[in-house]
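Structural description and commentary
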Amino acid sequence: MTATAPKRQRKSYSKTPSKKRATQTVLDLGQKTLGRRAECTICGLLYVVGDAADEAAHARRCDAYRRGARAARLECADARKVADVGETARVVEVRPTDARSLRAVVVEVRRTAARDLGAPPDEEGERHTAYVAVERGRAVGLCLVEPIPTTNTLGVTALWVLASQRRRGLGAALVDAARQRFALAGPVPRADISTTHRTRDGAAFFEAYGAGRVYAPR
Ligand SMILES: [Zn+2]
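Given the structure is predicted, the values throughout are model-derived calculations rather than measurements. (Residues numbered from 1 in each chain as written. Predicted model: local features only at pLDDT ≥ 70, side-chain atom pairs only at ≥ 80, totals over all residues.)

Our focus in this paragraph is the overall build of the protein. Within the protein one finds seven helices and ten strands. Here the protein holds 218 residues, and 32% of them are scored as buried. Nonlocal contacts in the protein, meaning residues at least 24 apart in sequence, comprise 54% of its contacts between residues at least 6 apart. (Helix = DSSP H or I, 4+ residues; strand = E, 2+ residues; numbered from the N terminus. Buried ≥ 20, exposed ≤ 12 C-beta atoms within 10 Å, placed from the backbone. Contact = placed C-beta atoms within 7 Å.)

The subject of this paragraph is the pairing of strand β4 (residues 81–85). In this sheet, strand β5 (residues 89–94) lies alongside β4 in antiparallel orientation, the contact comprising four bridges. Its bridge partner being in β5, A83 is matched across the sheet by V91. (Pairing = 2+ DSSP bridges.)

Our focus in this paragraph is helix α5 (residues 100–117). End to end, α5 covers 25 Å across 18 residues, agreeing with the expected 26 Å (1.5 Å per residue, within 8%). Phi turns positive one or two residues past the end of α5, at G118, with a value near 70°. (Expected span 1.5 Å × (residues − 1).)

For the rest of this paragraph, the subject is the nonpolar core. The biggest cluster of nonpolar side chains holds 48 residues, and the ones touching the most others in it are V132, A133, A139, L142, C143, L174 and A178. Looking at this core, the elements that each hand over two or more residues are α3 (52–67), β5, α5, β6 (129–135), β7 (138–148), β8 (153–161), α6 (170–182) and α7 (200–209). When residues of this core are assigned to domains, at least three fall in each of domain 1 (7–66) and domain 2 (69–215). Residues within four places of A178 in sequence aside, it is in contact with Y131, C143, V145, L154 and V156. (Core = buried A, V, L, I, M, F, W, Y, C linked by C-beta atoms within 7 Å. Domains from an automatic or database assignment.)

This part is about α3. The terminal C-alpha atoms of α3 lie 22 Å apart, and with 16 residues this matches the ideal 22 Å at 1.5 Å per residue to within 8%. H58, R61, A64 and Y65 are the residues of α3 that are buried. All buried residues of α3 lie within an arc of 130° about the axis, which places them on one face of the element. Projecting away from the buried face of α3 at angles above 90 degrees are the exposed residues A52 and A56. Looking at the buried positions of α3, the neighbouring elements they touch are β2 (46–48), β3 (69–70) and α5. (Arc of directions from axis to C-beta.)

In this section: the environment of V140. Take V140: it is sitting in strand β7. In this structure, V140 is in contact with G68, A133, E135, V161, L162, Q165 and L170, ignoring residues within four places of it in sequence.

This part covers unusual backbone geometry. Backbone geometry at R136 places phi at a positive 45°, although glycine is not the residue there. Along the chain, R136 falls in the loop between β6 and β7. According to the C-beta neighbour criterion, R136 is exposed, with 12 such atoms within 10 Å. Not every positive phi belongs to a glycine, and R167 is a case in point at roughly 65°. Among the secondary structure elements, R167 is positioned in the loop between β8 and α6.

Before going further, it helps to examine the pairing of β8. The sheet contact formed by β7 and β8 spans eight bridges and is antiparallel. Bridging across to β8, V145 finds its partner in V156. Where β7 folds back onto β8 in an antiparallel hairpin, the turn is made up of four residues, including N152, whose phi is positive at roughly 55°. For β8 and strand β9 (residues 193–196), the ladder comprises three bridges, and the chain directions are parallel. Residue pairing across strands places V156 opposite T195, the latter belonging to β9.

Right, let's talk about the environment of T129 for a bit. Mapped onto the fold, T129 is located in strand β6. Taking C-alpha positions, T129 is 8.4 Å from C143, a pair spaced 14 residues apart along the chain. The contact partners of T129, leaving out residues within four places of it in the chain, are E93, R95, P96 and V145.

Attention shifts here to the confidence of the model for the protein. Averaged over the protein, the pLDDT score is 83; the fraction of residues at 70 or greater is 82%. Segment residues 1–30 is flagged for pLDDT under 50; beyond a separation of four residues in sequence, or across chains, it makes 24 contacts in the model. (pLDDT = per-residue confidence, 0-100.)

Listed below in structure tokens is the structure:
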């Protein structure tokens, strides 16, 4: 079991089960946590305590949540590099048509970002082009975009930077990279960005950035 619990279930899992059965009492005497389903309060993963595969999956997920998903594959994909950020970070592009090995990294980054932003896992992210900020083998930022032909704008569906890496220009570098790549002649103007955000920080970022259409939470 490696599924992330739906949001409304989160609280109930951290408390004792509501149904008290005789077997439960017996188990509690010797093996207090073994075999119990637990939800990590850091990364949000629901897993079975004591199950080796689950524990390993959780260790990977938790590590990705705290330090960024492992992204060495993206870091060495030179053909996909869009820009350098400072001396140690770079922005890498991954398209929906790219090799599975590259897209697999993006799936993990999307998961980390969704958890961090309090958003449900986005199944639609598969068809978006991803810009990933990579540093020392870790994915520390993500921007998902799609062209919106009807309004002739660039739709930014997600922008996320690892908490410890904020305020160093990674967010702007990611959006700059997207504008640069999506242009037919010169970068997409900032005013032609259309974006919706769950967090006020996200909306504030795009307003300051000069995006034309910013839809913020109420
Ligand atoms: Zn965890």
